[in-house]
Structure formats: C-alpha cells, structure tokens
Amino acid sequence: MEKMSSSLAQNVGTDIGKDYLDVALFPAQVIKRFDNTPAGHRALIAWLSSWIVERVVFEATGAYHRHFERALNAAGLAAVKLNPRQARRFAEGIGKLAKTDRIDAMTLARYGHAFQPEPTLIVSQALDEMKQLAAARDALMKIKVATQTRQQTAELPLIKRQLAKTLALTEAQIKAIDEEIAKRADKDPAFKRRAEILDSIPAVAPITAHAMLIHMPELGTLSPAQAASLAGLAPVPRDSGSKNGKRFIRGGRALLRRALYMPMVSAIRWNPDLGAKYQAMVAAGKPKKLAIIAIMRKLIILANALLRDNRSWTPKPA
C-alpha cells in the first residue's frame with residue numbers, strides 16, 4: 001500500500017508520547033510507531049523520505065515535542081504545532097470520540113489535509129531555551145501572587161514565617177531567571193536590537209520587551225489584525241439575528257497576555273498617548289479591565305509596526 005500511495009502528497013499526523021511517536025499518513029492511511037529518541041527521529045525522517053510530505057502536524061506537548069520539532073526543522077520538513085484543544089474539537093467534529101494514540105495520529109493527519117495549516121514559525125534553539133525560562137518565570141509569578149494572597153489572611157506566626165520565606169525564595173528565583181534571559185538576549189544582536197526598539201516605548205521595561213519577543217517572535221511580520229488575533233486580544237463577536245452579544249477575547253498567547261497586563265497598568269500612567277486612550281474609553285462607559293485589554297491590543301499593534309519599520313518609538317508632535 002505504501003508503494004502505491006507514495007506518489008500522492010501526504011499529511012503526517014504525529015501523536016507524541018514520552019517514549020513513542022505514533023505516526024499516521026493521510027490519505028495513504030498508513031500508521032507506524034517510532035521511538036521518541038534521537039535515533040527514532042532519524043528513523044522517522046528516513047521513512048518519510050520515500051513519501052511526498054506536505055506537512056507534519058503534532059500537538060504541543062512541552063518537553064516531549066521539543067527535540068522532535070527541532071529534528072523536523074533540521075530535516076526541512078514543514079512542521080505544524082497544533083493546540084490540543086483545536087485537535088480535540090476537530091476529532092469531535094468528524095465523529096472520532098474514541099481516543100487512542102493511533103486514532104489521535106490519524107486525526108492530526110486528517111486535520112492537516114482538511115485545513116492545510118501554515119507551518120509553525122521555526123524557532124532557534126536559543127529562543128526555545130528563552131521560552132523555557134519564560135514559562136518557568138510565569139509559573140513562579142503564579143506562586144508569588146498566591147503567596148501574597150495567603151499572607152493577607154495568615155494569622156499564625158509559623159505560617160507567616162513560612163510564607164515570608166516562600167515569597168523571598170520565589171522572588172530570588174524570578175530575579176535569577178530575568179538575569180539569565182537578559183544575558184542570553186545580549187548575546188543575540190538581532191534579538192537585542194528588537195528588544196531595544198520595544199524598550200523605547202514608555203512603560204515597556206526590558207523584562208516586558210523580552211517577554212513580547214519570546215512569546216510572539218512573529219512581531220514585525222504581521223498585519224495589525226493578525227498581531228491582535230495571535231495575541232488573543234482581538235474581540236470575538238457573539239451576534240445572532242438582531243441580537244448583539246458582548247465581545248470577548250479567547251485563544252491566542254495566554255503567557256504573553258499575562259506578561260503584559262501589569263505593565264499596561266503602568267503604561268496608562270506614564271505613556272500620555274495610551275493613557276489618554278484609556279481615559280477616553282472609561283469615560284465612554286467601557287469597564288476598566290476591558291479598557292486595559294484594549295490598550296494591550298494597541299501596544300501589540302504599535303510594537304508590530306515599530307519592529308516592521310526597524311525604528312524606535314517617538315512621541316507624537318504636540
């Protein structure tokens with residue numbers, strides 16, 4: 001069957017586990033298993049060389065997919081990293097309610113065939129490592145906020161002392177990660193230049209600039225609408241007939257939004273242009289949180305434009 005179908009372009013779905021890769025081809029409907037090891041990746045790529053491969057679709061699985069993705073990029077194969085929620089909804093849509101590794105692999109291959117998704121942006125190993133640091137920082141920030149919340153209600157001296165120690169350790173770990181990201185950023189001239197452009201925007205500190213570039217490396221190559229949508233900051237309509245429902249945001253880069261929220265609270269105070277826009281929205285009746293989200297959207301669009309033009313921010317003439 002493989003020999004007869006090898007002249008047809010194939011979409012490859014890969015279900016990634018800790019130990020194995022289950023690989024499916026569509027429309028050939030061939031399924032094969034490989035070890036999720038460097039040797040297994042080489043064997044998989046060698047096997048795919050006898051097929052015409054349009055794209056390889058897989059779900060983001062953290063540590064388990066990272067080396068596999070690098071192997072695909074090194075081999076020049078178009079890789080599509082899919083949000084697991086998208087894959088699951090597609091499976092439900094085509095009636096695949098059962099869930100096994102082989103079924104999941106074939107579902108991913110069929111997704112690629114049906115939607116022809118664009119390949120995921122190739123990320124360098126250096127940027128990938130900064131992404132890992134940024135994800136660890138985000139987890140520590142959650143611990144910090146939770147600890148500070150518990151401190152507000154703690155009564156027993158022992159608990160207060162433990163919370164203080166936890167907070168001090170967490171803050172030290174966050175500082176160490178920030179310093180490591182900054183060190184790595186300085187070693188990459190292109191990344192450093194892009195960070196300097198973003199840092200020129202009032203209220204965008206180096207930490208925020210690094211987070212924007214790490215979580216959204218596509219900045220500077222997108223249209224305004226694409227930038228807002230990719231960040232998950234574009235309002236989604238909920239209209240039906242004559243009813244106009246409330247707009248809301250969903251999807252996109254959650255880590256980016258969390259990294260931007262507090263800096264935007266500061267930007268409203270220190271960036272006259274953004275501050276004026278925020279005050280105008282609140283005065284018009286928009287809830288304060290939604291106004292902040294709108295400012296975040298404007299910041300992403302501004303950052304995208306500055307990086308596209310390779311220029312720093314300058315205040316508007318009075």
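Residues numbered from 1 in each chain as written. Predicted model: local features only at pLDDT ≥ 70, side-chain atom pairs only at ≥ 80, totals over all residues. Heavy atoms only, no water.

## Describing the packing of aromatic side chains
No. 1: Inspection of the entire model under this criterion finds six aromatic pairs.
No. 2: For the pair Phe-90 and Phe-115, a centre-to-centre distance of 5.6 Å together with 70° between the ring planes defines the contact as edge-to-face. Of this pair, Phe-90 sits in helix 4 (residues 84-93) while Phe-115 sits in helix 5 (residues 101-115), and the two are 25 residues apart along the sequence.
No. 3: Through successive ring pairs, a cluster of aromatic residues spans Phe-34, Trp-47 and Trp-51.
No. 4: Lying across the ring of Tyr-20, Arg-33 places its NZ or CZ 4.5 Å from the centre. (Phe/Tyr/Trp six-rings, centres within 6.5 Å; stacked < 30°, edge-to-face > 60°. Helix = DSSP H or I, 4+ residues; strand = E, 2+ residues; numbered from the N terminus. Lys NZ or Arg CZ within 6 Å of the ring centre and 35° of its normal.)

## Some points on the nonpolar core
No. 1: Counting residues in hydrophobic clusters, the biggest one holds 44 residues, and the most contacted among them are Leu-198, Met-212, Met-216 and Ile-300.
No. 2: Counting only elements with at least two residues in this core, the list comes to helix 6 (125-151), helix 7 (157-186), helix 8 (189-199), helix 9 (206-215), helix 11 (254-270), helix 12 (272-283) and helix 13 (288-309).
No. 3: Beyond its immediate chain neighbours, meaning those up to four positions away, Leu-198 contacts Val-204, Ala-209, Met-212, Leu-213, Ala-303 and Leu-307.
No. 4: Counting 19 residues, the second largest nonpolar core, distinct from the first, contains Val-23, Phe-34, Val-53 and Leu-72. (Core = buried A, V, L, I, M, F, W, Y, C linked by side-chain atoms within 4.5 Å. Buried < 20%, exposed > 50% of the residue type's maximum accessible area, 1.4 Å probe, protein only. Contact = heavy atoms within 4.5 Å.)

## What about the environment of Leu-302?
No. 1: Its location among the elements puts Leu-302 in helix 13.
No. 2: Under the relative-accessibility criterion, Leu-302 is labelled partly exposed at 24%.
No. 3: Sequence spacing of Leu-302 and Arg-253 is 49 residues, and the spatial spacing of their C-alpha atoms is 17 Å.
No. 4: Leave out the neighbours within four places in its chain, and Leu-302 touches Ile-201 and Trp-313.

These figures come from the coordinates and say nothing about function on their own.
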